[in-house]
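Breakdown of the fold
Take a look at the letters that make up each chain.
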Amino acid sequence: MEFILLLIMTLALLGWVLVSCVQFTRKYKKMVAKSGLKAQVKCESCGKIYEMNAGELTKYWTTKSSSVTKTKREGIALVNRPEYKYYAKKIDCPHCKRTTYAEVLDINQIADSLQKPLFTLGIRTLLQMAIGGFVIMLIVSIPMHFVRLQDKKRAEELERQQYEEVKDRYGL
């Protein structure tokens, strides 16, 4: 019975982590859409440069990029941040009407402006994940406590029965 409770707790914790990751992704997309940032985009097919809402870029998944991670000192902390030399997303170009890669020309500025809100969102998500995990472990630990008490009583009863059998067998 204890194994089943541990399995349930493990599956619940894993499910909670997955739910938290999905919630983080959704909140991140909403945050970018509400930021109102505009991205300079250059279509690799027709060569036209146009502005696009940064929130629309999160709708597309296919990307290709080239970056170098640099460590910079910000206050007392050392921060590792990728610096993109090239970043493109496969999007629908409004000029040539094709689905093609378009280079995001100002990706580094967009990433810099979203760094602090993204960090705050990440901390909130980690706290939510930790609190939810603690609650799951607390909920499962209550029946597990009673199962362990029951197992202890059963073991004591078996020990007492064995003692009685030995006592009866050897006439003690």
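This structure is a prediction, so every number in the text was calculated from the model and none was measured.

1. Thoughts on the packing of aromatic side chains
Throughout the structure, instances matching the rule amount to 1 aromatic pair. Here the aromatic rings of Y84 and Y87 are separated by 5.2 Å at their centres, their planes lie at 70 degrees, and the arrangement is edge-to-face. The class of Y87 is buried, set by a relative accessible area of 15%.

2. Some thoughts on the nonpolar core
Considering soluble globular proteins, one finds that nonpolar side chains tend to be buried as a cluster. Formed by 17 residues in total, the largest nonpolar core has its most connected members in A39, V41, Y50, L57, I91 and V104. Elements represented by at least two residues in this core include exactly α1 (2-35), β1 (38-43), β2 (49-53), α2 (54-57), β4 (77-92), β5 (99-104) and α3 (107-170). In contact with L57, other than residues within four places in its own chain, are A39, M52, K89, I91 and V104. Counting 6 residues, the second-largest nonpolar core is a separate cluster that includes L5, I136, V140 and V147.

3. Describing the pattern of salt bridges
This model, assessed by the stated rule, comprises 8 salt bridges. Note that E83 and K70 form a salt bridge whose closest N and O atoms lie 3.6 Å from each other. Within this pair, whereas E83 is found in strand β4, its partner K70 is found in strand β3 (residues 63-74), the two being separated by 13 residues in sequence. In this structure K70 comes out as partly exposed when scored by relative accessible area, which is 39%.

4. Points about the sheet that holds β3
Spatial strand order, β2-β1-β5-β4-β3: 5 strands in an open sheet with antiparallel pairing. Every interior strand has two partners, whereas the edge strands, β2 and β3, have only one. Each adjacent strand pair in this sheet contributes to an overall mean axis angle of 35 degrees, direction not counted. Two elements, β1 and β5, share 3 bridges in a ladder whose sense is antiparallel. Following the sheet pairing, K42 is matched in β5 by E103. The sheet contacts of α3 involve β1, β3, β4 and β5, and relative to β4 the element is tilted by about 125 degrees.

5. Section: the side chain of S20
Locating S20 in the fold gives a position in helix α1. Among residues more than four places away in sequence, those in contact with S20 are T125, Q128 and M129.

6. Observations regarding the pairing of β3
Pairing of β3 with β4, which is carried by 12 bridges, proceeds in the antiparallel orientation. Within β4, the position partnered with K64 by the bridge is A88. Counting the residues that bridge the hairpin from β3 to β4 gives 2 residues, and of these G75 lies at a positive phi of roughly 70 degrees.

7. Side note on the packing of α1 against α3
Contact geometry of α1 with α3 gives a least axis separation of 9 Å together with a crossing angle of 160 degrees. Comparing their axes, α3 and α1 come out roughly antiparallel. Pair α1 / α3 crosses with right-handed handedness. A per-class count over the contact of α1 with α3 returns 22 nonpolar, 8 polar and 3 charged.

Rules and cut-offs
Sequence order as written defines residue numbering, which begins from 1 separately in each chain. Selection of residues for local features in this predicted model requires a pLDDT of at least 70, selection of side-chain atom pairs for listing and counting requires 80 or more, and totals for whole chains, interfaces and linings are taken over all residues. Excluded from the side-chain calculations are hydrogens and water; all other atoms, namely the structure's heavy atoms, are used. Here the aromatic set is Phe, Tyr and Trp, taking the six-membered ring for Trp, and pairing holds for ring centres within 6.5 Å; pairs whose planes are under 30 degrees apart are stacked, those over 60 apart are edge-to-face, and all others are tilted. Three exposure classes are used, based on accessible area relative to the maximum for each residue type with a 1.4 Å probe and protein chains only: buried under 20%, partly exposed in between, and exposed over 50%. Think of a nonpolar core as a cluster: buried Ala, Val, Leu, Ile, Met, Phe, Trp, Tyr and Cys residues, connected wherever their side-chain atoms sit within 4.5 Å. The way it works is that DSSP assigns letters per residue, a run of H or I at least four long becomes a helix, a run of E at least two long becomes a strand, and they are numbered from the N terminus. Should any heavy atoms of two residues lie within 4.5 Å, those residues are considered in contact. Basic side-chain nitrogens of Lys or Arg form a salt bridge, by our definition, when they fall within 4 Å of a carboxyl oxygen of Asp or Glu. Pairs of strands are assigned from DSSP output, requiring at least two bridges between the strands. Each axis is a line fitted through C-alpha atoms, taken for helices only over the stretch in contact, and angles between the N-to-C directions span 0 to 180 degrees. Roughly parallel covers angles under 35 degrees, roughly antiparallel covers those over 145, roughly perpendicular covers 65 to 115, and oblique covers all other angles. Each crossing gets its handedness from the near helix: less than a right angle anticlockwise from the far helix is left-handed, clockwise is right-handed. Basically, the charged four are Asp, Glu, Lys and Arg, the nonpolar ten are Ala, Val, Leu, Ile, Met, Phe, Trp, Tyr, Cys and Pro, and anything else, Gly included, counts as polar.

It is worth stressing that arrangement in space is one thing and function is another; only the former is reported here.
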